[in-house]
Amino acid sequence: MVFKTSKIAEFRLWGLLLTLGGMGLMILGLVGIVFDWGTIGRVIAFVSMIIGMIAMVGSVGIYMWAGMLSTSAQIVVCPSCGNQTKVLGKTDRCMVCHTVLSFDKKYAPAAEDGASSE
Ligand SMILES: [Zn+2]
């Protein structure tokens, strides 16, 4: 994970960045037409339009994927802040307080330590 947020929040963030990036690129591409750079300007506008479109379609895909993932995520009550949050996979962060939550016993607090095993 790049950011210290829950996975679903990070997917939404990437979707938003991709949308803004695509829109920005399409606006930038219009500069070539506005300042009348001739054929090169039109080519730049066309190419940036295509890339911007792909970025925006991709962001829609990410949003849909995040939506599908969030339906399969498990809803738990965060032990740290008491709010409801969704846990994706075995380990995720709380959406509210960003505490790491995990179903993996490996990360469980060492409460049962000292019990004789094997
Ligand atoms: Zn929390």
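Values in this document were obtained by computation on a predicted structure and should not be read as measured data.

### Notes on the overall build of the protein
- When you go through the protein residue by residue, the secondary structure sums to two helices and four strands.
- Its helices and strands in sequence order give the protein the pattern α-α-β-β-β-β, from N to C terminus.
- Taking all 118 residues of the protein together, the buried fraction comes to 15%.
- In the protein, 41% of the contacts between residues at least 6 apart in sequence involve partners at least 24 apart.

### A word on the environment of Thr5
- Within the secondary structure, Thr5 is located in the segment before helix 1 (7-34).
- For the pair formed by Thr5 and Arg93, sequence separation is 88 residues and the distance between their alpha carbons is 6.0 Å.
- Setting aside residues no more than four positions away along its own chain, Thr5 makes contact with Glu10, Arg93 and His98.

### Structural notes on helix 1
- The first and last C-alpha atoms of helix 1 sit 41 Å apart over 28 residues, in line with the 40 Å expected at 1.5 Å per residue.
- Against the buried residues of helix 1 lie helix 2 (38-72), strand 2 (84-87) and strand 3 (91-93).
- Of the residues flanking the end of helix 1, it is Asp36, one or two places downstream, whose phi is positive at about 55 degrees.

### Re the packing of helix 1 against helix 2
- Relative orientation of the contacting elements helix 1 and helix 2 amounts to 165 degrees, with a least axis distance of 7 Å. Relative to helix 2, the element helix 1 lies roughly antiparallel. Relative to helix 2, helix 1 is oriented so that their crossing is left-handed.
- Broken down by class, the residue content of the contact of helix 1 with helix 2 amounts to 23 nonpolar, twelve polar and two charged.

### With respect to unusual backbone geometry
- If you check the backbone angles, His98 has positive phi at about 65 degrees while not being a glycine.
- Examined against the element boundaries, His98 turns out to sit in the loop between strand 3 and strand 4 (100-102).

### Focus on the pairing of strand 1 (residues 74-77)
- Relative to strand 2, strand 1 runs antiparallel, the two being bridged by four bridges. Note that in strand 2 the partner of Val76 across the bridge is Thr85.

### Considering the confidence of the model for the protein
- For the protein, the average pLDDT comes to 82, and 87% of its residues sit at 70 or higher.
- Residue range residues 112-118 is modelled with pLDDT below 50. Its contacts to residues more than four positions away, or to other chains, number zero contacts.

### Quick notes on helix 2
- Here helix 2 is 35 residues long and its end C-alpha atoms lie 51 Å apart, about the 51 Å a rise of 1.5 Å per residue gives.
- Buried within helix 2 are the following residues: Ser48, Gly52 and Ser59.
- Turning to helix 2, the residues buried within the fold contact helix 1.

### Some details on the environment of Phe46
- Here Phe46 is to be found in helix 2.
- Given 13 C-beta atoms within a 10 Å radius, Phe46 is considered partly exposed.
- For the pair Phe46 and Met26, spaced 20 residues apart in the sequence, the C-alpha separation amounts to 8.8 Å.

The rules we used
- Residue positions are given per chain, counted from 1 along the sequence in the order it is written.
- Only residues with pLDDT of 70 or above have their local features reported here, since the model is predicted, and side-chain atom pairs are shown and tallied only from 80 upward, although totals for entire chains, interfaces and linings are computed over all residues.
- To qualify as a helix, a DSSP run of H or I must reach at least 4 residues; to qualify as a strand, a run of E must reach at least 2; elements of each kind are numbered from the N terminus.
- Each residue is classified by how many other C-beta atoms fall within 10 Å of its C-beta atom, where C-beta atoms are placed from the backbone; a count of 20 or more means buried, 12 or fewer means exposed, and values in between mean partly exposed.
- Contact definition: two residues whose C-beta atoms, as placed from backbone geometry, lie within 7 Å.
- For a helix, the expected span equals 1.5 Å multiplied by the residue count minus one.
- As a rule, the C-alpha atoms of each element are fitted with a line to give its axis, helices using only the stretch in contact, and angles between N-to-C directions run from 0 to 180 degrees.
- Comment on the angle field: the value is read as roughly parallel under 35 degrees, roughly antiparallel over 145, roughly perpendicular from 65 to 115, and oblique elsewhere.
- Crossing handedness: left-handed means the near helix sits turned counterclockwise from the far one by under a right angle, and right-handed means the same turn made clockwise.
- Residues are grouped as follows: Ala, Val, Leu, Ile, Met, Phe, Trp, Tyr, Cys and Pro are nonpolar; Asp, Glu, Lys and Arg are charged; every other residue, Gly included, is polar.
- For two strands to be treated as a pair, DSSP must find no fewer than two bridges joining them.
- For every residue, the predictor assigns a confidence score, pLDDT, that lies between 0 and 100.

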